[in-house]
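Examination of the molecular architecture
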Amino acid sequence: MDSLIPFTTSGSLVDCVDRKMLVVLRDGRKLHGVLRSYDQFANLVLEDTVERIYHGKAFAEHWHGLFLIRGENVVLLGEIDLDQEDDVPLQQVDYSVLDPYHKRDIAHKKVREDFKSKVLYEQKGFCKEGGEGDGY
């Protein structure tokens, strides 16, 4: 009966080692790199890591190299299909071109999220996020 229970611990990452992965972090950053190692807490080590930013039909990459990611910051981890990676209908541009647009998008998102939190707190009785000891 135990063999029917899915294996959902960090040990299930063993098949992902030495493969190109996409990692989305809690702060919204999107990292592409080769997964080299992980531990029981799902802390990850990515090699040849680039951070990608997107705006419209363009993307830009910023080189980071070796990157250590604390497991609690990972929202999504997925393998990149190398056969389809080059078929993405986006144009790559220099990072300095997209960075101002990306920062503006982040600022707009923060304003929207703050407004939403205020409405939920004042009108719906939800608690405020980000209090002391709030790990997530």
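Before reading on, note that the structure itself is shown above.
Before going into details, it helps to say that this report is about the structure given with it. (Residues numbered from 1 in each chain as written. Predicted model: local features only at pLDDT ≥ 70, side-chain atom pairs only at ≥ 80, totals over all residues. Heavy atoms only, no water.)

This paragraph deals with the sheet that holds strand 6 (residues 91-92). Here we have six strands laid out as an open sheet, ordered 5-1-2-3-4-6, and mixed in their pairing. Of all strands in the sheet, those with a lone pairing partner are strand 5 (74-79) and strand 6, marking the two edges. Packed onto the sheet, helix 1 (residues 95-124) meets strand 3 (44-55) and strand 4 (58-69) and runs at close to 80° relative to strand 3. (Pairing = 2+ DSSP bridges. Helix = DSSP H or I, 4+ residues; strand = E, 2+ residues; numbered from the N terminus. Contact = heavy atoms within 4.5 Å. Axes fitted to C-alpha atoms, helices over the stretch in contact; angles between N-to-C directions.)

We now examine helix 1. Taking 1.5 Å of rise per residue, 30 residues should cover 44 Å, and helix 1 covers 41 Å from first to last C-alpha, within 8% of that figure. Inspection of helix 1 places Tyr 95, Leu 98, Asp 99 and His 102 among the buried residues, and these make up the whole buried set. Packed against the buried residues of helix 1 are strand 3 and strand 4. Residue Gly 125 follows helix 1 closely and has a positive phi angle near 80°. (Expected span 1.5 Å × (residues − 1). Buried < 20%, exposed > 50% of the residue type's maximum accessible area, 1.4 Å probe, protein only.)

Glancing now at the pairing of strand 1 (residues 20-25). Here five bridges tie strand 1 to strand 2 (residues 30-38), and the two strands are oriented antiparallel to one another. The residue of strand 2 that forms the bridge with Val 23 is Leu 31. From the end of strand 1 to the start of strand 2, which pair antiparallel, there are four residues, and Gly 28 there has a positive phi angle of about 95°. Note: strand 1 against strand 5, five bridges, orientation antiparallel. Paired with Leu 25 across the two strands is Val 74, which belongs to strand 5.

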